[in-house]
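Architecture and fold: a report
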Amino acid sequence: MPGFVKLATLGELPPGGTKEVEHDGRIYALFNVDGQISALDGICPHQGGPLAEGQVEGTTVTCPWHGWQFDVRTGQNSLGGRLRQPVSEVKVEGQDVLVAVP
Ligand code: FES
């Protein structure tokens, strides 16, 4: 059922932090960039690398396996074009990080 689900707390996701969370068979990569939380589909569309384990510079995460890069806010691939990693809406309520799930 669609809705927002708590997938982390702010304590688990401090500024500059990342976290991989599994929920209902899906992997989410959570990022905190300067206090702004975002959630990407955590599985790289290239060959399935774990985006939450990638290095983040600015708002760009680099897949640890072969270096594909995505904007953590929009999911846009750095090469442009139509390749866009799915992004989920995020709400913060108190200390809870809530992510919109299908
Ligand atoms: S699996 Fe992510 S770049 Fe290859």
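Structural notes on the overall build of the protein chain
- The secondary structure content of the protein chain amounts to zero helices and 10 strands.
- Helices (α) and strands (β) of the protein chain occur, in sequence order from the N terminus, as β-β-β-β-β-β-β-β-β-β.
- The principal-axis extents of the C-alpha atoms in the protein chain amount to approximately 35 × 30 × 20 Å.
- The burial tally for the protein chain puts 35% of its 102 residues in the buried class.
- Partitioning the contacts of the protein chain with sequence separation of at least 6, the portion at a separation of at least 24 is 40%.
- When the accessible area of the protein chain is evaluated, it comes to approximately 5,800 Å², of which 47% is carbon and sulfur surface.
- Between the centroid of the 7 positive side chains of the protein chain and the centroid of its 12 negative side chains there is a distance of 7 Å.

Regarding the sheet that holds strand E5 (residues 55–57)
- Sheet architecture is open: three strands sit in the order E5-E6-E7, paired in antiparallel fashion. Two strands lie at the open edges of the sheet, namely E5 and strand E7 (69–71), each paired on one side alone. The mean inter-strand angle of the sheet, taken between neighbouring strand axes irrespective of direction, is 25°.
- Here E5 runs beside strand E6 (residues 60–62); their pairing, made up of three bridges, is antiparallel. Residue pairing for E6: glutamine 55 is matched across the bridge by threonine 62.

Re the environment of aspartate 24
- Within the fold, aspartate 24 resides in the loop between strand E2 (18–23) and strand E3 (26–33).
- Between the alpha carbons of aspartate 24 and proline 102 there is a distance of 9.5 Å; along the sequence they are 78 residues apart.

Considering unusual backbone geometry
- Although it is not a glycine, aspartate 24 adopts a positive phi angle of roughly 55°.
- One non-glycine residue, aspartate 34, lies in the positive phi region at around 55°.
- Here aspartate 34 lies in the loop between E3 and strand E4 (36–41).
- We classify aspartate 34 as exposed; its relative accessible area is 75%.

Thoughts on the side chain of asparagine 32
- Residue placement: asparagine 32 occurs in strand E3.
- For asparagine 32, a relative accessible area of 4% puts it in the buried group.
- Within the structure, asparagine 32 has its side chain in polar contact with the backbone oxygen of proline 14 (distance 3.5 Å).
- Contacts of asparagine 32, omitting those with residues within four sequence positions, involve Leu13, Pro14, Pro15, Gly16, Gly17 and Ile37.

Here is what the cut-offs are and how they apply
Residues numbered from 1 in each chain as written. Predicted model: local features only at pLDDT ≥ 70, side-chain atom pairs only at ≥ 80, totals over all residues. Heavy atoms only, no water. Helix = DSSP H or I, 4+ residues; strand = E, 2+ residues; numbered from the N terminus. Buried < 20%, exposed > 50% of the residue type's maximum accessible area, 1.4 Å probe, protein only. Contact = heavy atoms within 4.5 Å. Areas by Shrake-Rupley, 256 points an atom, 1.4 Å probe, with all protein chains shown as cover. Lys, Arg positive; Asp, Glu negative; His and termini not counted. Charge placed at Lys NZ, Arg CZ, Asp CG, Glu CD. Pairing = 2+ DSSP bridges. Axes fitted to C-alpha atoms, helices over the stretch in contact; angles between N-to-C directions. Polar contact = N/O pair within 3.5 Å; in protein donor to acceptor, adjacent residues only side chain to side chain.

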